[in-house]
2 protein chains.
Amino acid sequence: MGKGRVETLYFALRQMSVNFSLRPGERLNEVALARQLGASRTPLREALNRLAAEGFIDFEPGRGFICRKLSVREVDDLYQMRIALEIYALRLVVANAADDALGEIAGFLDRTREGESGGWTLEDVVAFDEYFHETLAALAGNKELSSTLKNINARIRFFRWVDMEERRPRTQHEHREILEAVIARDGELAVELMERHIDRRSSQIADALKECYAKLFLDGDFTEPSFIEEVSI
Amino acid sequence: MGKGRVETLYFALRQMSVNFSLRPGERLNEVALARQLGASRTPLREALNRLAAEGFIDFEPGRGFICRKLSVREVDDLYQMRIALEIYALRLVVANAADDALGEIAGFLDRTREGESGGWTLEDVVAFDEYFHETLAALAGNKELSSTLKNINARIRFFRWVDMEERRPRTQHEHREILEAVIARDGELAVELMERHIDRRSSQIADALKECYAKLFLDGDFTEPSFIEEVSI
DNA sequence: GTATTCTATACTGTATACAGTACGAAATAC
DNA sequence: GTATTTCGTACTGTATACAGTATAGAATAC
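Residues numbered from 1 in each chain as written. Chains lettered and ligands numbered in written order. Predicted model: local features only at pLDDT ≥ 70, side-chain atom pairs only at ≥ 80, totals over all residues. Heavy atoms only, no water.

## Description of unusual backbone geometry
Residue and element names in this part refer to chain A. Residues other than glycine seldom take positive phi values, yet phenylalanine 20 does so here, at roughly 50°. Topologically, phenylalanine 20 is positioned in the loop between helix H1 (5-18) and helix H2 (30-37). With a relative accessible area of 4%, phenylalanine 20 lands in the buried category. (Helix = DSSP H or I, 4+ residues; strand = E, 2+ residues; numbered from the N terminus. Buried < 20%, exposed > 50% of the residue type's maximum accessible area, 1.4 Å probe, protein only.)

## Some points on the relation of the copies chain B and chain A
With an RMSD of 0.0 Å, chain B superimposes on chain A once it is rotated by 180° and translated 0.0 Å along the axis. The operation mapping one copy onto its partner corresponds to a two-fold rotation axis. When you check the interface residues of chain B against chain A, 100% turn up at the interface there too, and the contact is symmetric in its surfaces. (Least-squares fit on C-alpha atoms with pLDDT ≥ 70 in both. Contact = heavy atoms within 4.5 Å.)

## Side note on the protein's contact with DNA strand D
Neighbouring residues of DNA strand D: 19 residues in total, closest Leu28 and Arg45 of chain A together with Arg5, Ser40 and Arg63 of chain B. For DNA strand D, the backbone makes up 60% of the atoms found within 4 Å of the protein, where backbone means sugar plus phosphate. Glutamate 30 of chain A places a polar main-chain atom, nitrogen or oxygen, 3.2 Å from a phosphate oxygen of DNA strand D. Note that a phosphate oxygen of DNA strand D is positioned 3.0 Å from one of the backbone N or O atoms of glycine 62 of chain A. (Near = heavy atom within 4 Å. Polar contact = N/O pair within 3.5 Å; in protein donor to acceptor, adjacent residues only side chain to side chain.)

## Points about the protein's contact with DNA strand C
Around DNA strand C, a shell composed of 19 residues is seen, among which Arg5, Ser40 and Arg63 of chain A together with Leu28 and Arg45 of chain B lie nearest. Here DNA strand C approaches the protein such that, of its atoms within 4 Å, sugar and phosphate make up 60%. A distance of 3.0 Å is found between a phosphate oxygen of DNA strand C and a backbone nitrogen or oxygen belonging to serine 40 of chain A. Arginine 41 of chain B places a polar side-chain atom, nitrogen or oxygen, 2.8 Å from a base nitrogen of DNA strand C. Of all elements in the fold, only H1 and helix H3 (41-53) of chain A together with helix H3 (41-54) of chain B reach the threshold of two or more residues within the surface near DNA strand C. Sorting elements by how many residues they give to the surface near DNA strand C places H3 of chain A first, with three residues. Tallied by class, residues from the surface near DNA strand C come to five nonpolar, six polar and eight charged. (Nonpolar A, V, L, I, M, F, W, Y, C, P; charged D, E, K, R; others polar.)

## Things to note about the interface of chain B and chain A
With 31 residues of chain B at the contact, the number on the chain A side is 31 residues. In this structure, glutamate 46 of chain B and arginine 45 of chain A form a salt bridge, with 2.7 Å as the shortest nitrogen-oxygen distance. On inspection of chain B and its partner chain A, the count reaches 16 residue pairs in polar contact (both at pLDDT 80 or more). At the level of elements, H3, helix H4 (72-96) and helix H7 (143-155) of chain B are the ones that each hand at least two residues to the side of chain B that touches chain A. If one sorts the elements of the side of chain B that touches chain A by residue count, H4 of chain B sits on top with twelve residues. Its residues assigned to classes, the side of chain B that touches chain A comprises twelve nonpolar, six polar and 13 charged. (Salt bridge = Lys/Arg side-chain N within 4 Å of Asp/Glu carboxyl O.)

## Comments concerning the domain arrangement of chain A
Residue and element names in this part refer to chain A. Partitioning chain A into domains gives domain 1 (5-68) and domain 2 (72-212). Of the residues lining the interface, seven residues belong to domain 1; the matching set on domain 2 comes to seven residues. Each partner contributes to the roughly 650 Å² buried at the junction of domain 1 and domain 2, and carbon and sulfur atoms together form 48% of this total. Summed over the shared surface of domain 1 and domain 2, the number is zero salt bridges. Residues of the side of domain 1 that touches domain 2, tallied by class, amount to three nonpolar, one polar and three charged. (Domains from an automatic or database assignment. Buried area = accessible area lost by both parts, 1.4 Å probe.)

## Overview of the packing of helix H4 (residues 72-96) of chain A against helix H8 (residues 157-183) of chain A
Residues and elements named next belong to chain A. One can describe the packing of H4 onto H8 by two numbers: an axis separation of 15 Å at closest approach and a directional angle of 15°. It follows from the interaxial angle that H4 and H8 lie roughly parallel. Crossing geometry of H4 relative to H8 is assigned as right-handed. Residues Val75, Tyr79, Arg82, Leu90, Val93 and Val94 of H4 form the contact with H8, whose own contacting residues are Phe158, Phe159, Arg160, Asp163, Ile178 and Val182. A per-class count over the contact of H4 with H8 returns nine nonpolar, no polar and three charged. (Axes fitted to C-alpha atoms, helices over the stretch in contact; angles between N-to-C directions. Parallel < 35°, antiparallel > 145°, perpendicular 65-115°, else oblique. Left-handed = near helix turned anticlockwise from the far one by under 90°.)

## Notes on the packing of aromatic side chains
Counted according to the given criterion, the structure contains 14 aromatic pairs over all chains. Both rings, one in tryptophan 120 of chain A and one in phenylalanine 128 of chain A, keep their centres 5.0 Å apart while their planes meet at 90°; by these two values the pair is edge-to-face. Relative accessible area serves as the criterion here: at 30%, tryptophan 120 of chain A is assigned to the partly exposed category. Summarising the aromatic geometry, the rings of phenylalanine 59 of chain B and phenylalanine 65 of chain B are spaced 4.7 Å apart at their centres and angled 45° between planes, so their arrangement reads as tilted. (Phe/Tyr/Trp six-rings, centres within 6.5 Å; stacked < 30°, edge-to-face > 60°.)

## Examining the side chain of glutamate 86 of chain A
Residues and elements named next belong to chain A. With respect to the helices and strands, the residue glutamate 86 is situated in helix H4. A residue is classified by how much of its surface remains accessible, and glutamate 86, at 2% relative accessible area, is buried. For glutamate 86, the contacting residues outside a window of four places in its chain are His133, Leu149, Met194 and Ile198.

## Description of the nonpolar core
In summary, soluble globular proteins display a tendency toward joint burial of nonpolar side chains. Counting 142 residues, the largest nonpolar core has Leu136 and Leu209 of chain A together with Leu136 and Leu209 of chain B as the members making the most contacts within it. With near-sequence residues (within four places) excluded, leucine 136 of chain B lies in contact with Leu90, Val93, Leu102, Ile105, Ile178, Leu179 and Met194 of chain B. (Core = buried A, V, L, I, M, F, W, Y, C linked by side-chain atoms within 4.5 Å.)

## Notes on the side chain of asparagine 142 of chain A
By secondary structure assignment, the location of asparagine 142 of chain A is in the loop between helix H6 (122-138) and helix H7 (143-155). According to the relative accessible area criterion, asparagine 142 of chain A is buried, its value standing at 2%. Of note is the side chain of asparagine 142 of chain A, whose polar atom sits 2.9 Å from the backbone nitrogen of leucine 145 of chain A. In contact with asparagine 142 of chain A, other than residues within four places in its own chain, are Arg73, Asp77, Gln80 and Met81 of chain B.

Here's what the structure looks like:
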């Protein structure tokens, strides 16, 4: 079955939103975007409407579609959502998951370990990080929860990309600890470790976001960082 | 500022999806729907795309938009999501909420108490139930969490409407107990009460859904209950 | 009578045209 | 020089036309 034109546009635009190829706060020119993506305005707008419903872009009636801004508040809220969902999922996983499935994840952690040889790029590490959390949560067997979590992860990926630079050394060890607590069926420990692993201070988020927009505007046309909201907390 | 045409269509269609004025599993005829709602197909489809992204209706490429089916699995998953989100929110509320705000909710529970005199309709009671949960969770101050919760509540409203017939007597008392635990800042108790209050067995859900579609097809044209998925668990 | 192919219809998917409006730039007043 | 109004442009919002395809019904074969 063909995936459908709107679907294709949806994923292309989603990708653009995720890595901010579109500048934050910028109004999207539908005609230009449509031509750039080789489509017409109608299916483009349908894809944009879906993305707006999922929080990947903003929409203002009469003004059109606008690239979301880098908001401390939003990242903060999404990290809390992660904690809420992942912790609940984790309890279910500890109670119900098969040992086999947990063993698979352990194998994944082994294969992606960063030894003296293993030279992973930052993108790799971020992808592994997401994969670990999503796969573990998926063992809870709740589709709605899993898809919500995936959406959240996509929306905070730009942040993770900066955050990971600092946390990279710790991440691996923490993942292993969490998984071992799950395998030992120690729910309380697993939950406690997971919460500490995910938790971020608002100040950390603000710092990372500053770095984010610095990165975004490094090459050339630095205009006005008016697209970053609530830098102060 | 005018709310925009698509926005209006969005809410009208959302309402239709919530109370299943559209029959589950039924393909939506865009031309007919557009005429019925006094709009053109283009904005209609934009609204439908948003609703599809939020899970209020389904979409199959090449076949068009389809009213979601009554699914035990989905209701089950959404109830788990409620537990995950509301419990996490509750911990934040216990830790941070102002006494004033909690007092307001207590006042709301008083005003909506079902005395010998107070004759509330089932719709009223369901609305009060949603309001209690959403208002309490909102005190956690997380916009993403609140809006996700509201979406979930809209998606399970048809179910609540049946479920409440049975739970009506208990509900009020349980809400009061939960709130009192929060006011007493007893987080563990509040969480335990809330989890028990929300939790449903899959078998309960299946029974209620059967009643749901019985209700939907009571007047006249009973055709084929093929729109109910996974009646057996 | 049942299954299968063909055909007509009706619906979705997309392009495009047009209307209305927001926005920016130029011009004028002060 | 600064503020304000006017005007032109360009973009969004919506209707509509057309093309392609899924679907149902009729006709035919078995």
